[in-house]
Amino acid sequence: ESCEQLYEMSGKCEYGLSIDNPNIAGCNFMEGIKIVRKNGTIISGAAGQNITASVFIGLFAASFVLLGGYAYYLKTKLDRAKINLSE
């Protein structure tokens with residue numbers, strides 16, 4: 001019930017929908033969300049790729065794989081170095 005109340009009170013843009021009593025309270029807000037790039041162009045909607053973020057994601061993924069490989073190497077080296085002293 002509380003989720004229904006929150007949904008009813010939330011801002012929506014139901015403009016152009018064939019429903020009874022459309023809620024258009026959020027239309028102006030949603031239209032006002034724009035992204036201004038460094039060169040001054042204004043875009044609305046999803047932004048493009050960020051090169052810096054992509055580079056850091058790639059570096060993180062590569063270092064994760066390399067660190068995992070090194071940990072596996074050390075584990076196998078440790079397993080081979082065990083000597084059974086009870087015999």
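The paragraphs below set out a description of the structure included in this document. (Residues numbered from 1 in each chain as written. Predicted model: local features only at pLDDT ≥ 70, side-chain atom pairs only at ≥ 80, totals over all residues. Heavy atoms only, no water.)

Some remarks on the overall build of the protein
What the protein contains, in helices and strands, is 3 helices and 2 strands. When contacts within the protein are restricted to residue pairs at least 6 apart in sequence, long-range pairs at least 24 apart make up 0% of them. With the model as given, the accessible surface of the protein reaches about 8400 Å², and the carbon-plus-sulfur share is 63%. (Helix = DSSP H or I, 4+ residues; strand = E, 2+ residues; numbered from the N terminus. Contact = heavy atoms within 4.5 Å. Areas by Shrake-Rupley, 256 points an atom, 1.4 Å probe, with all protein chains shown as cover.)

Section: the packing of aromatic side chains
A full pass over the atoms with the stated rule returns 2 aromatic pairs. When the ring centre of tyrosine 7 is taken as reference, the NZ or CZ atom of lysine 12 above it lies at 4.4 Å. (Phe/Tyr/Trp six-rings, centres within 6.5 Å; stacked < 30°, edge-to-face > 60°. Lys NZ or Arg CZ within 6 Å of the ring centre and 35° of its normal.)

Remarks on the environment of asparagine 28
Position of asparagine 28 among the secondary structure elements: in helix α2 (residues 27-32). Taking the C-alpha atoms as reference points, asparagine 28 and lysine 12, separated by 16 residues in sequence, lie 10.0 Å from one another.

Some words on the state of the cysteines
In this structure the tally under the stated criterion is 1 disulfide. Disulfide partner of cysteine 13: cysteine 27, at an S-S distance of 2.0 Å. Around the S-S axis, the bridge from cysteine 13 to cysteine 27 shows a dihedral of about 100° and counts as right-handed. With cysteine 13 in the loop between α1 (2-9) and α2 and cysteine 27 in helix α2, the pair connects residues that are 14 residues apart, well separated along the chain. Under the relative-accessibility criterion, cysteine 13 is labelled partly exposed at 35%. A residue is classified by how much of its surface remains accessible, and cysteine 27, at 9% relative accessible area, is buried. (Disulfide = S-S within 2.5 Å. Buried < 20%, exposed > 50% of the residue type's maximum accessible area, 1.4 Å probe, protein only.)

Some thoughts on the pattern of salt bridges
Going through the model one piece at a time under the given rule, you end up with 1 salt bridge. A salt bridge links aspartate 79 to lysine 75, with the shortest nitrogen-to-oxygen separation between them at 2.8 Å. With aspartate 79 and lysine 75 both in helix α3 (residues 51-81), this residue pair falls 4 residues apart, about one helical turn. (Salt bridge = Lys/Arg side-chain N within 4 Å of Asp/Glu carboxyl O.)

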